[in-house]
Amino acid sequence: MTALLALDNVIKDYQSEAGTFRALDGVSLVVEKGELVSIMGPSGSGKSTLMNIIGCLDTPTAGIYRFDGTDTATLSETALARLRNAGIGFVFQQFNLLPRLSALANVALPMVYSGVAKRDRDMRAQTLLASVGIGDKPKSRPSQLSGGQQQRVAVARSLANSPELLLADEPTGALDTKTGIEVLALFRSLNEQQGVTVVIVTHDPEVARATNRVVRIQDGRVFYDGPPTEAALYGHAEGATA
Amino acid sequence: MIVTMLAEAWSALIANRLRSVLTMLGMIIGVAAVILMLAIGGGVQKQVSESIAGLGSNLLIVTAGSGRSGPLSGGAGSGATLRIDDADRIAEIDNVVAAAPSTNVPAQVVAGPINWATQVTGSVPAYFLVNEWTVGDGRTFTEREERAGARVAVLGQTVADKLFGASDPLGQTIRAKGVSLRVIGIMEKRGQGFGGQDRDDVIIVPLTTALRLLQGNAFRRSIRSISVSVASADALDQVERDITYLLRRTHRLKASDDDDFSVANLTAITDTLSTTTAAISLLLAAIGSISLVVGGIGIMNIMLVSVTERTREIGIRMAIGASRAAVRLQFLLEALMLSLLGCGIGVAVGTGLAMVAGKFIGFDTAVTLFAISIAFAVSASIGIFFGWWPATRAAKLSPIEALRS
């Protein structure tokens, strides 16, 4: 298997009035195609920064990040936008659907930016909505849908351009337990049946337990990288870096 | 993609209907003002050139110099310096079609119990040709009647209405300065002249009749003016010089003497008036375009607010793959749509107002396609110009910051 994500000693500094703040302090991480990984860490650990870099929303201060073999530092802004569009599918805690657009139009939006013809993208959007179990509500606005349904729309949207990576940021954070479990099951089935690489950023051990591999981040460093053992999930597995 | 973005821009405007309409108001007022001003300006210009054409085209008017009685100067036309022979000689000049000598006598005209103060013009049959004025009812007088000093009169519409009202003036007798005149014709309506004077408030009689019977003895053979019809507009200047040369010679003026006559060229007046009205309508349109600029600033203002409000939306779009160019295009299209919609409504309002104004002032205030295309071109430029900055601000947002908002 080729490594889909390869971070090599990635450092990210933020400038603030108080001086330089190092959010990531030399993170090295490899995720193979087809993996189902969770990134854990308390707030302020740098996991959001790591997610932004993996999602090509932000660039490292130092170190190399390769996506599917390509050094992202060599890519132009437009190329990065294209990568976010077709290579990565985002799922957010707050769903981040556009309130004015219908469920169908939300799912079709990434295909607007990749230049798919309207007929084709509407057809694919409808198929995707059906595949996440809400094929009967294409015309509904996000405000007319429940949280779980909105998150399903968001998952369908993230799959629009058949990305290699599905990057989810606290995808169950705004959902009740039962709905959260359903959404996690959706991620699992996408990973197992369609081979989509899934990276879930979370602080919830129950979410991480549903993944095959846990990466714990603390103080900007990888603190643990391995299977979801109890110790890893609850933060007692000190120094067990693989 | 453009179609989808246009649809999205439309839905963004619809989502904030009241705000969009208020934003467009500046454009609507500006465009309506420009359209209205151009229509009225065009109407005025048309009116002016029509009334000039009504005076007779390629016309030169030679007026007698001022007369003097002691220290008092009598003003143009009061002197006895132009004579009928002058008209005959002018008629001989190359490119002169006709020269009609005429004189004017103010008179109180009486018909039965009614009387009316008007101008009595004495002239020759060529007068009607030179002034491009045709008879509406009856006939004008002949050369023979003119030479014989026949006691006949042709009435302008106004005089006919004042003296005879609804009854038929033809064949009736009127009296002016104690002379009985038989009405043989009524002229067609000519309307107002430049100064607003009523050009139908006049009686035309044979020149000989006017000189012998109506005008004082002192000026028996002298006339006030000669209307000269010239073959073409190009020949006007040459003919004007020829007339001046001819009259100076026949009037035996020394090189040091001033002309004892003056020659007015109507084409020159036409040009001046056209230029003036064009300048006025341009000025009015310029005032309207200030309102357009203000409208554009309104659009920029609202677009900036919109970008701030929709920061999160911009972040989401960037996260799912919108390039900065696509974000910029989206907001530019919204600004453009605002300005063009405003323009469309403004054109409709302006056209409506122009029609109403046309009814009121009696001008033809047609809105030209040219004015409409100008309005749309200017509005599009304003939309892009004032939309550029907000759109660029949206495009420059950092996706992370935008998502966090």
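Within every chain, residues take consecutive numbers counted from 1 along the sequence as written. The order in which chains are written sets their letters, starting at A; the order in which ligands are written sets their numbers, starting at 1. Selection of residues for local features in this predicted model requires a pLDDT of at least 70, selection of side-chain atom pairs for listing and counting requires 80 or more, and totals for whole chains, interfaces and linings are taken over all residues.

Quick word on the domain arrangement of chain B
- Note that domain bounds follow an automatic or database assignment of domains. The domain architecture assigned to chain B consists of domain 1 (2-52 + 272-404) and domain 2 (59-231).
- The distance between the C-alpha centroids of domain 1 of chain B and domain 2 of chain B comes to 57 Å.

Details of the nonpolar core
- Joined through C-beta atoms within 7 Å, a set of buried Ala, Val, Leu, Ile, Met, Phe, Trp, Tyr and Cys residues constitutes a nonpolar core. Neighbour counting defines burial: a residue surrounded by 20 or more other C-beta atoms within 10 Å of its own C-beta is buried, one with 12 or fewer is exposed, and intermediate counts give partly exposed, using backbone-placed C-beta atoms. By size, the foremost hydrophobic cluster in this structure holds 126 residues, and its most contacted members are A:Val107, B:Val31 and B:Ile35.
- In terms of residue count, the dominant contributor to this core is helix H2 (residues 17-54) of chain B (14 residues).
- Residues in contact with A:Val107, not counting those within four places in the same chain, are A:Ala125, A:Leu128, A:Leu129, A:Val153, A:Ala156, A:Arg157 and A:Ala160.
- Counting 51 residues, the second largest nonpolar core, distinct from the first, contains B:Val109, B:Val159, B:Ala160 and B:Leu211. For the purposes of this entry, the term helix denotes a DSSP run of H or I that reaches at least four residues, the term strand denotes a run of E that reaches at least two, and both are numbered from the N terminus. Contacts here follow a simple rule: the backbone-placed C-beta atoms of the two residues must lie within 7 Å.

Remarks on the sheet that holds strand S5 (residues 70-71) of chain A
Residues and elements named next belong to chain A.
- Two strands pair if DSSP finds at least two bridges between them. Strand order in the open sheet formed by 4 strands is S2-S1-S4-S5, and the pairing between neighbours is antiparallel. If you trace the sheet from one side to the other, it starts and ends with strand S2 (19-32) and S5, each paired once.
- Where strand S1 (residues 3-16) and strand S4 (residues 62-67) come together, 5 bridges link them in antiparallel fashion. When the sheet's bridge partners are listed, Leu5 is paired in S4 with Phe67.

Let's talk about the interface of chain B and chain A
- Of the residues lining the interface, 15 residues belong to chain B; the matching set on chain A comes to 22 residues.
- Elements supplying a minimum of two residues to the side of chain B that touches chain A: helix H1 (2-15), helix H10 (311-319), helix H11 (324-361) and helix H13 (399-404) of chain B.
- Nonpolar residues are Ala, Val, Leu, Ile, Met, Phe, Trp, Tyr, Cys and Pro. Charged residues are Asp, Glu, Lys and Arg, and all others, Gly as well, are polar. Classifying every residue of the side of chain B that touches chain A gives 9 nonpolar, 4 polar and 2 charged.

Quick look at the environment of A:Asp122
Residue and element names in this part refer to chain A.
- Relative to the helices and strands, Asp122 resides in helix H4 (residues 118-131).
- Note: C-alpha distance between Asp122 and Leu104 (18 residues apart in sequence) is 7.0 Å.
- Discounting residues that sit within four places of it in the chain, Asp122 has contacts with Leu104 and Ala108.

Brief notes about the sheet that holds strand S9 (residues 213-218) of chain A
Residue and element names in this part refer to chain A.
- Overall, mixed pairing links the 6 strands, which are arranged S6-S7-S8-S3-S9-S10 in an open sheet. A single partner strand is all that each edge strand has here, and the edge strands are strand S6 (88-91) and strand S10 (221-226). The mean inter-strand angle of the sheet, taken between neighbouring strand axes irrespective of direction, is 20°.
- Bridge count for strand S3 (residues 36-40) against S9 is 4 bridges, and the pairing is parallel. Lines fitted to the C-alpha atoms define the axes, with helices restricted to the stretch that makes contact. Angles between their N-to-C directions range from 0 to 180 degrees.

With respect to helix H3 (residues 103-113) of chain A
- The buried fraction of H3(A) is high, at 11 of 11 residues.
- Along H3(A), the positions that sit buried rather than exposed are A:Ala103, A:Leu104, A:Ala105, A:Asn106, A:Val107, A:Ala108, A:Leu109, A:Pro110, A:Met111, A:Val112 and A:Tyr113.
- Looking at the buried residues of H3(A), the elements they touch are helix H2 (77-86), H4 and helix H5 (147-158) of chain A together with H1 and H11 of chain B.
- In the stretch just after H3(A), A:Gly115 is the one whose phi turns positive, near 80°.

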